[in-house]
Number of protein chains: 2
Amino acid sequence: MEISIATLERLPKYLRILKKHKEEKTVNISSTAIANELYLNSIQVRKDLAIVSKNDGRPGIGFDVEELIKDIEEFLDLNNKKDVIIVGAGRLGQALMNYKEFENDISIVMAFDKDKSKCNNKTIFHIAEMENLVKKLNIHIGIITVPKEEAQNVCDMMVKNNIKIIWNFAPINLKVPEDVVVRNEDLSASLSVLLKGIELNKGCKGD
Amino acid sequence: MEISIATLERLPKYLRILKKHKEEKTVNISSTAIANELYLNSIQVRKDLAIVSKNDGRPGIGFDVEELIKDIEEFLDLNNKKDVIIVGAGRLGQALMNYKEFENDISIVMAFDKDKSKCNNKTIFHIAEMENLVKKLNIHIGIITVPKEEAQNVCDMMVKNNIKIIWNFAPINLKVPEDVVVRNEDLSASLSVLLKGIELNKGCKGD
DNA sequence: TTAACATCGATATTTTTTTATCGATGTCAT
DNA sequence: ATGACATCGATAAAAAAATATCGATGTTAA
């Protein structure tokens, strides 16, 4: 079964509330309950879960919370922290470096900036050092949090250093070779949707 | 014509490259050219543009860059800066306060934190002061950049102070009354898609 | 025990979004 | 002029996503 990006984006949301329920000692949870919390449709929840879990829900009872957590985490290959570098140690970069929600998913092993001295108990390397450091470390994921003027340059350096997956926070469309995947975190796009939110007023509570 | 969220999210991307082309003195641009830059389909671009602009493209020539910019900006009601408050003046909050891309869209008129003394040439008010300050200012948009533990509290305060649109960066599902719109900026969801990106390898260059 | 109920999964339907087709229009080089 | 070409918009088709229907299963409380 092919998983869609939409489903993929919902999985962490399921995970989040499942973990909350686990903390509260909930053993079982129904798709309806999950759906209500996330302002989604329960059928959608069941379909999503069916993709990532072979554990059926029990009629009248719901799904086993712990099993679901395990299955989703396994599907997303979490708890198998991936090494990541980040370039751009400004405010946004630092925010990401300290974002607790990522702690189980990725490990930011190295940070670069044009301003070498910056730090927050982590060494920030100068961008020029990337060449020597990254290639041999077998890291394939990079985050770009530099101003848009420098983003393409940074991207090119990453590509040269064997980075294959790029999470780009700069508002610019990066040019990359075929085998490199870019995901743009486009805050302006989000803002547009938000500001039109009043008129549309749909699909917003849930995401 | 109803506009979809997907289209809405693409508009800022169009705007961005149109502005770039305007700077380069391009007068006309074809839907194909736009599509190529954004890794989209040209038909999709034309359909999107048809929704927001009455200016037809000219066969053999393309669209008038300046007119398109004007039409998209008008549609998104930009250049009519909206007043916004932000709660949470940590790294992420500061990053947003200084994000240049937003400058024409929103004006962050007031920032709050539980740590009053923080600032960066802008006064950061204590959260408790929200009650006195925000209600009378007729501000309806709020950004939440506090840790998830405090997010619901902050949200409740915003609602009490007449905020109707909330941009939430905390990884939690906020409970709000019917007439309040929430948009969650869910970085974990993005990360999930990113990390699965290799397998899917689609729809990622474009967004 | 049994009747009312909650919940499920499978299949079908609807809706939304994306992409293709194609005739029309207008440009540009010869 | 005129023929080859680029590009458009409108309509149609295809693909993807969300939602509804419904019989089956199992729970719970009288």
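Residues numbered from 1 in each chain as written. Chains lettered and ligands numbered in written order. Predicted model: local features only at pLDDT ≥ 70, side-chain atom pairs only at ≥ 80, totals over all residues. Heavy atoms only, no water.

Asks: Requested: an account of the side chain of histidine 21 of chain A, with residues and values cited.
Replies: All names here are of chain A. Following the sequence through the fold, histidine 21 ends up in helix H1 (residues 5-23). The class for histidine 21 is buried, based on a relative accessible area of 14%. Apart from the residues lying within four places of it in its own chain, the contact partners of histidine 21 are Thr26, Ile29 and Glu37. (Helix = DSSP H or I, 4+ residues; strand = E, 2+ residues; numbered from the N terminus. Buried < 20%, exposed > 50% of the residue type's maximum accessible area, 1.4 Å probe, protein only. Contact = heavy atoms within 4.5 Å.)

Asks: Kindly report on the protein's contact with DNA strand D, identifying the contributing residues and their values.
Replies: Around DNA strand D sit 19 residues in total, of which Ile43 and Pro59 of chain A together with Ser31, Gly57 and Phe63 of chain B are the nearest. Within 4 Å of the protein, atoms of DNA strand D come from sugar and phosphate in 70% of cases. Within the side chain of arginine 46 of chain B, a nitrogen or oxygen atom sits 3.2 Å from a phosphate oxygen of DNA strand D. If you tally residues by element for the surface near DNA strand D, the top one is helix H3 (residues 42-52) of chain A, at 3 residues. In terms of residue class, the surface near DNA strand D is built from 5 nonpolar, 8 polar and 6 charged. (Near = heavy atom within 4 Å. Polar contact = N/O pair within 3.5 Å; in protein donor to acceptor, adjacent residues only side chain to side chain. Nonpolar A, V, L, I, M, F, W, Y, C, P; charged D, E, K, R; others polar.)

Asks: Give me the interface of chain B and chain A: which residues, what numbers.
Replies: Taken together, the contact pairs 67 residues of chain B with 67 residues of chain A. Inspection of the chain B/chain A interface yields 6 salt bridges. Two residues, lysine 148 of chain B and glutamate 101 of chain A, come together in a salt bridge whose shortest N-O distance is 3.7 Å. Across the contact surface, chain B and chain A share 11 residue pairs in polar contact (both at pLDDT 80 or more). Per-element tally for the side of chain B that touches chain A: the top contributor is helix H8 (residues 187-195) of chain B, with 9 residues. Tallied by class, the residues present in the side of chain B that touches chain A amount to 37 nonpolar, 11 polar and 19 charged. (Salt bridge = Lys/Arg side-chain N within 4 Å of Asp/Glu carboxyl O.)

Asks: Residues and numbers for the packing of aromatic side chains, please.
Replies: Enumeration according to the criterion identifies 8 aromatic pairs over all chains in this entry. Each ring, one from phenylalanine 102 of chain B and one from tryptophan 167 of chain B, has its centre 5.7 Å from the other, and the planes form 55°; the classification is tilted. Here phenylalanine 102 of chain B is found in the loop between helix H5 (91-97) and strand S4 (106-113), whereas its partner tryptophan 167 of chain B is found in strand S7 (residues 165-168), with 65 residues between them in sequence. The same class applies to phenylalanine 102 of chain B and to tryptophan 167 of chain B, which are both buried. Between the aromatic rings of tryptophan 167 of chain B and phenylalanine 169 of chain B, the centroid separation amounts to 5.0 Å while the plane-to-plane angle is 50°, which identifies the pairing as tilted. The class for tryptophan 167 of chain B is buried, based on a relative accessible area of 0%. Overall, the relative accessible area of 5% leaves phenylalanine 169 of chain B in the buried class. By way of ring pairs, the aromatic residues Tyr99, Phe102, Trp167 and Phe169 of chain A are connected into one cluster. (Phe/Tyr/Trp six-rings, centres within 6.5 Å; stacked < 30°, edge-to-face > 60°.)

Asks: Explain the domain arrangement of chain A to me, and be specific about the residues and the numbers.
Replies: In terms of domains, chain A is made up of domain 1 (5-75) and domain 2 (82-189). Computed over C-alpha atoms only, the centres of domain 1 of chain A and domain 2 of chain A are separated by 32 Å. (Domains from an automatic or database assignment.)

Asks: Lay out the confidence of the model for chain A with the relevant residues and their values.
Replies: Looking at chain A as a whole, its pLDDT mean stands at 89, while 92% of the residues score no less than 70. In the model, residues 201-207 of chain A has pLDDT below 50 throughout and makes 21 contacts with residues more than four positions away in sequence or in other chains. (pLDDT = per-residue confidence, 0-100.)

Asks: How would you summarise the protein's contact with DNA strand C if you had to cite specific residues and measurements?
Replies: Residues in close proximity to DNA strand C total 20 residues, the closest being Ser31, Gly57 and Phe63 of chain A together with Ile43 and Pro59 of chain B. Arginine 46 of chain A is positioned with one of its side-chain polar atoms (N or O) 3.3 Å from a phosphate oxygen of DNA strand C. In terms of residues, the surface near DNA strand C owes the most to one element, helix H3 (residues 42-52) of chain B, which gives 3 residues. Taken together, the residues of the surface near DNA strand C break down into 6 nonpolar, 8 polar and 6 charged.

Asks: Please set out the packing of helix H1 (residues 5-23) of chain B against H3 of chain B residue by residue, giving values where relevant.
Replies: Residues and elements named next belong to chain B. Relative orientation of the contacting elements H1 and H3 amounts to 95°, with a least axis distance of 10 Å. Regarding the angle of H1 to H3, the classification is roughly perpendicular. When H1 is examined against H3, the residues Thr7, Arg10, Leu11 and Tyr14 are found in contact with a partner set consisting of Gln44, Val45, Asp48, Leu49, Ile51 and Val52. Partitioned by chemical class, the residues of the contact of H1 with H3 number 6 nonpolar, 2 polar and 2 charged. (Axes fitted to C-alpha atoms, helices over the stretch in contact; angles between N-to-C directions. Parallel < 35°, antiparallel > 145°, perpendicular 65-115°, else oblique.)

Asks: Explain the side chain of arginine 16 of chain A to me, using residue names and the numbers behind them.
Replies: When you line up the elements, arginine 16 of chain A lands in helix H1. For arginine 16 of chain A, a relative accessible area of 14% translates into the label buried. Among the polar contacts made by the side chain of arginine 16 of chain A, one reaches the side chain of glutamate 101 of chain A at a distance of 3.0 Å. For arginine 16 of chain A, the residues in contact, after removing those within four places along its chain, are Glu101 of chain A together with Pro171, Ile172, Asp186 and Ser188 of chain B.

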